[in-house]
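Residue-level listing of the chains:
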Amino acid sequence: MHNLIPPGGADIPVPILKLRPGVRLEQVPDTDIALHRERISAALPYIGLQSWFARESAAVLHGLPLFRADLDLVHLLYSGGGHGQIRTIAHVYKTPKVPPSTTFIGDIPVTTVARTAADLMRRNLFGPALAWADAALRLGAPRGELLREVTGGRGCRHATEAVVRADPRSESPYESLVRAQLLQGGVPLPELQASLSDADGFVGRPDFLWRRQGVVGEFDGETKYTTLLAPGQTREDVMRLQELRQRRLEGMGLRVVRWGKDAVHDPGAVTASIRALIGDVLVDHGLCPEAHDLRRPRHRR
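As the structure is a prediction and not an experimental result, all values here were calculated from the model. (Residues numbered from 1 in each chain as written. Predicted model: local features only at pLDDT ≥ 70, side-chain atom pairs only at ≥ 80, totals over all residues. Heavy atoms only, no water.)

**Examining the overall build of the chain**
Check the secondary structure of the chain and you find ten helices and 16 strands. Counting across all 301 residues of the chain, residues that qualify as buried make up 50%. Long-range pairs, those at least 24 residues apart, make up 58% of the contacts in the chain between residues at least 6 apart in sequence. Within the structure as shown, the chain displays about 15,400 Å² of accessible surface, and the carbon and sulfur contribution to it stands at 52%. (Helix = DSSP H or I, 4+ residues; strand = E, 2+ residues; numbered from the N terminus. Buried < 20%, exposed > 50% of the residue type's maximum accessible area, 1.4 Å probe, protein only. Contact = heavy atoms within 4.5 Å. Areas by Shrake-Rupley, 256 points an atom, 1.4 Å probe, with all protein chains shown as cover.)

Set out below in structure tokens:
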């Protein structure tokens, strides 16, 4: 199961005030991602010249999606050699003396979008890896740079597969997870975000369109009913617009299938619902064996 942390972060059930010895918050943020940003700010004055925020911390800074992330500690990459260590406020990873691909966000040293996505991709499954690759491309990371960053080491094969299959038109992490299941299940791939119109004009851009079979697939994420609401708009307003949109799609002769988060986390549910509408056509997408593995990648020797 890939538990996505909402873009705003999950609500914090118990206030956590102490960021490091001698540093406490006067007002505790409402979400774990906002709290992690405070942890980064608290740690910044104490990191060395050869240190950069990396992995989950860099993902927070760049706006990359997070799945079941450890946000209780900041994550730092240090290029001085030696061994990594877990300290009171930080998990420090050591890298060879050749500096990694880094940049600055304001005055914060951080690994680049491509390096951050690669670090996360190589240590997770193909579904989340595809979500990070899609997101990195949306943020402007060149595909060639991503490919260089995932070359060699732990998880390189399925991470490379994810970069090759990545598409910046996937607008949410869950859309990426759906696409990963379609690839793994041998389902014919749909068009992404295709513009559709009827006699009354523009209808919308569905997440997935199987044009020849006349099928539309949509992921119903909670953010469209909460954080993506326009000023003055309510959840009920969005639901009414969704119902009207679906009626117009069906009026065009299209069949619509929708998935929620539970369906995406249920192995086989997405592919079964699509096959019920488009048939049992099986496509060999040529994925490497590692992209089908449901175990976390192990260290390669």
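**Some words on the packing of helix α3 (residues 113–121) against helix α4 (residues 126–138)**
At their nearest, the axes of α3 and α4 sit 9 Å apart, and the two run at 175° to each other. In terms of orientation, α3 lies roughly antiparallel with respect to α4. The residues of α4 that touch α3, namely those facing Val-113, Ala-117, Leu-120 and Met-121, are Ala-129, Trp-132, Ala-133 and Ala-136. Classifying every residue of the contact of α3 with α4 by side-chain character gives eight nonpolar, no polar and no charged. (Axes fitted to C-alpha atoms, helices over the stretch in contact; angles between N-to-C directions. Parallel < 35°, antiparallel > 145°, perpendicular 65-115°, else oblique. Nonpolar A, V, L, I, M, F, W, Y, C, P; charged D, E, K, R; others polar.)

**Focus on the sheet that holds strand β11 (residues 191–192)**
Here four strands make up an open sheet; going across it, the order is β11-β14-β15-β16 and the pairing mixed. Single-partner strands in this sheet number two, and they are β11 and β16 (255–259). Examined bridge by bridge, β11 and strand β14 (residues 208–210) share two bridges and lie antiparallel to one another. Looking at the pairing, Glu-191 lines up with Leu-209 of β14. Across the sheet, helix α7 (residues 173–185) touches β11, β14, β15 (215–219) and β16, and the angle it forms with β14 is around 35°. On top of the sheet, helix α10 (residues 269–278) reaches β14, β15 and β16; it is set at about 175° to β16, its chief contact. (Pairing = 2+ DSSP bridges.)

**Let's talk about the pairing of strand β13 (residues 201–204)**
Sheet topology note: the strand β12 (residues 196–198)/β13 ladder contains three bridges and is antiparallel. Across the sheet, the residue bridging to Asp-198 is Gly-201, located in β13. Between β12 and β13, which pair antiparallel and follow one another directly, the connecting turn spans two residues.

**Some remarks on the packing of aromatic side chains**
Counted according to the given criterion, the structure contains four aromatic pairs. Centre to centre, the rings of Phe-208 and Trp-210 are 6.3 Å apart; their planes meet at 35°, and the pair counts as tilted. Following the ring pairs from residue to residue traces out a cluster consisting of Phe-208, Trp-210 and Trp-259. Residue placement shows Arg-55 over the ring face of Tyr-93; its charged tip is 3.6 Å from the ring centre. (Phe/Tyr/Trp six-rings, centres within 6.5 Å; stacked < 30°, edge-to-face > 60°. Lys NZ or Arg CZ within 6 Å of the ring centre and 35° of its normal.)

**What to know about the environment of His-75**
As for its position among the elements, His-75 is in strand β6 (residues 74–78). In the structure, His-75 is positioned 17 residues away from Val-92 in sequence and 6.0 Å away in space, judged by C-alpha atoms. The residues contacting His-75, other than those within four sequence positions of it, are Trp-52, Phe-53, Ala-54, Arg-55, Glu-56, Ser-57, Asp-70, His-91 and Tyr-93. In this structure the side chain of His-75 is engaged in a polar contact, spanning 3.5 Å, whose partner is the backbone oxygen of Leu-73. (Polar contact = N/O pair within 3.5 Å; in protein donor to acceptor, adjacent residues only side chain to side chain.)

Just distances and angles here, no functional claims.
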